[in-house]
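Architecture and fold: a report
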Amino acid sequence: MVGLLDTSKRDTEGQCGMPEHVPDRTAERTERAATPEAAAGGARTAAPPAVRVEGLWKTFGEQVAVAGIDLDLPAGQFVGLVGPNGAGKTTTLSMVTGLLRPDMGRVQVAGHDVWGDPAAVKARIGVLPEGLRLFERLSGRELLGYTGRLRGLPGDEVDKRATQLLDVLDLAGSQHKLVVDYSTGMRKKIGLAAALLHNPEVLFLDEPFEGVDPVSAQTIRGVLERYTASGATVVFSSHVMELVESLCDWVAVMAAGRIRAQGTLAEVRGDAPSLQSAFLELVGAQGRDTGESLDWLGGAR
Ligand SMILES: Nc1ncnc2c1ncn2[C@@H]1O[C@H](COP(=O)(O)OP(=O)(O)OP(=O)(O)O)[C@@H](O)[C@H]1O
């Protein structure tokens, strides 16, 4: 049986042909950085990175959104991309997933060049983008049916996987409701189901837990943990440090379009008591005015 996240049919072709040595290219604060080999256990032979980014640049007019970043994200892990508002996370994920063309630089996903071989990359990835646009006039089940057929899966396989995903994500009761009538959290879940349907090698999620209630968050988390345990990679962006700390094996910290640190959670956290403290230090937000200057706020009315 091909289970919901059965990886027996996963296409591993993309795992071949990459050099085993992965140089450390972290731009800044490299003292905390580590290579994927270290994350994978040091002495073991390193798997090729799920994502390799070299010199990626994107500007919007005068605004430099992504300033020549390098990233090596290890395969088979939960990877968190964190950074303050406007750091460049969404722009980076958009370029990595082929949704936005970079000004400069190179991206490889599962060993394939995102801009040189887009079809090979798109077949191997699932994406839950920011500001998810769905076919609003389809029901949840119809949306999965349509997505599955677009992915080239046989109809009965699509039906089976859709039933399982709807069940696991607690959407079975709403499967015949139109997507336009779904709540924010339900939209995230049906978007996630659509992104997982073809059992991708690498899943990219932009703020997957935003607007999701704690029960659904727990469900999504369980699904993603099961998925990474099978050898797949999840790359997600988030502002919620506690979540990243509890979920991720590997973290990249971004600020002002640059990578400030990347490595295992322990390496990025360093001596700081929590990822939150390390993050504030890395992005230069320690000691920032937290409202003391608003002396009128809460004063006499
Ligand atoms: N289409 C666009 N046109 C102009 N500027 C843009 C565009 N998209 C992003 N930017 C700018 O690029 C910078 C990075 O934005 P981006 O959305 O990538 O950040 P982010 O880290 O995802 O932020 P947030 O956490 O707030 O979602 C910001 O200064 C933003 O204003």
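Definitions and cut-offs
Residues numbered from 1 in each chain as written. Predicted model: local features only at pLDDT ≥ 70, side-chain atom pairs only at ≥ 80, totals over all residues. Near = placed C-beta within 6 Å. Helix = DSSP H or I, 4+ residues; strand = E, 2+ residues; numbered from the N terminus. Nonpolar A, V, L, I, M, F, W, Y, C, P; charged D, E, K, R; others polar. Core = buried A, V, L, I, M, F, W, Y, C linked by C-beta atoms within 7 Å. Buried ≥ 20, exposed ≤ 12 C-beta atoms within 10 Å, placed from the backbone. Contact = placed C-beta atoms within 7 Å. pLDDT = per-residue confidence, 0-100. UniProt positions renumbered as here; feature names shortened; annotations may be inferred. Expected span 1.5 Å × (residues − 1). Pairing = 2+ DSSP bridges. Axes fitted to C-alpha atoms, helices over the stretch in contact; angles between N-to-C directions. Parallel < 35°, antiparallel > 145°, perpendicular 65-115°, else oblique. Left-handed = near helix turned anticlockwise from the far one by under 90°.

What follows is about the site of the ligand. With respect to spatial proximity, the complete set of residues near the ligand consists of F60, Q63, A65, G83, N85, G86, A87, G88, K89, T90 and T91. For the shell around the ligand, the secondary structure elements donating two or more residues are β2 (63-73) and α2 (89-96). The dominant element in the shell around the ligand, judged by the number of residues it contributes, is α2, at 3 residues. Looking at the shell around the ligand residue by residue, the class counts come to 3 nonpolar, 7 polar and 1 charged.

For the rest of this paragraph, the subject is the nonpolar core. Core analysis: the largest hydrophobic core is formed by 72 residues, its most contacted members being V109, A193, V202 and V253. Here the element with the most residues in this core is helix α6 (residues 184-196); it accounts for 7 residues. Excluding its chain neighbours within four sequence positions, the residues that come into contact with A193 are L144, L165, L166 and L169.

Turning our eyes to something else, we now look at the confidence of the model for the chain. For the chain, the mean per-residue pLDDT works out to 83, and 83% of the residues sit at or above 70. Between the elements of the chain, mean pLDDT differs from a low of 43, seen in helix α1 (residues 36-39), to a high of 97, seen in strand β1 (residues 51-60). Contacts of residues 1-45 to residues separated by more than four positions or lying in other chains number 85 contacts, the stretch itself having pLDDT below 50. As a predicted assembly, this complex carries a pTM of 0.81 together with an ipTM value of 0.97.

Here we take up the UniProt feature "domain: ABC transporter" (unreviewed entry) in the chain. The feature "domain: ABC transporter" (unreviewed entry), as given by UniProt, occupies residues 51-281 in the numbering adopted here. Secondary structure content for residues 51-281 is 38% helix and 27% strand, and the end C-alpha separation is 26 Å.

Along its 13 residues, α6 runs 18 Å from first to last C-alpha, staying within 8% of the 18 Å computed at 1.5 Å per residue. With 10 of 13 residues buried, α6 lies mostly within the body of the structure. Here α6 has its buried residues at M186, K188, K189, I190, G191, L192, A193, A194, A195 and L196. Turning to α6, the residues buried within the fold contact β6 (125-128), α4 (140-150), α5 (155-168), β7 (202-206) and α7 (214-229).

Before going further, it helps to examine the environment of P214. Note on placement: P214 falls in helix α7. In this structure P214 comes out as exposed when scored by C-beta crowding, with 8 C-beta atoms within 10 Å.

Below, the discussion takes up the sheet that holds strand β9 (residues 250-255). Judged by pairing direction, the sheet is mixed, and its 6 strands sit side by side in the order β6-β7-β8-β3-β9-β10 without closing on themselves. For this open sheet the edge positions go to β6 and β10 (258-264), each flanked by a neighbour on one side alone. Across the sheet, the mean angle from the axis of one strand to that of its neighbour is 15°, orientation sign disregarded. Sheet topology places β7 next to strand β8 (residues 233-238); 5 bridges connect them, and they run parallel.

Across the sheet, which stays open at both edges, the 4 strands sit in the order β2-β1-β4-β5 with antiparallel pairing between neighbours. Of all the strands in the sheet, just β2 and β5 (112-113) have a single pairing partner and so form its edges. Each of β1, β2 and β4 (104-109) is contacted by α2, which is oriented at about 120° to β1, the strand it contacts most.

Positioned with a positive phi, A110 is a non-glycine residue whose angle comes to about 50°. Here A110 lies in the loop between β4 and β5. By C-beta crowding, A110 is classed as buried, having 26 other C-beta atoms within 10 Å. The residue E207 is not glycine, and still its phi comes out positive at about 50°. Its location among the elements puts E207 in the loop between β7 and α7.

The interhelical angle for the contact between α4 and α6, taken along N-to-C directions, is 25°, at an axis separation of 9 Å. Taken together, the axes of α4 and α6 lie roughly parallel to each other. Crossing of α4 against α6: the hand is right-handed. Between α4 and α6, the contacting residues are G140, L143, L144 and T147 on the first element and I190, A193 and A194 on the second. Class assignment for the residues of the contact of α4 with α6 results in 5 nonpolar, 2 polar and no charged.

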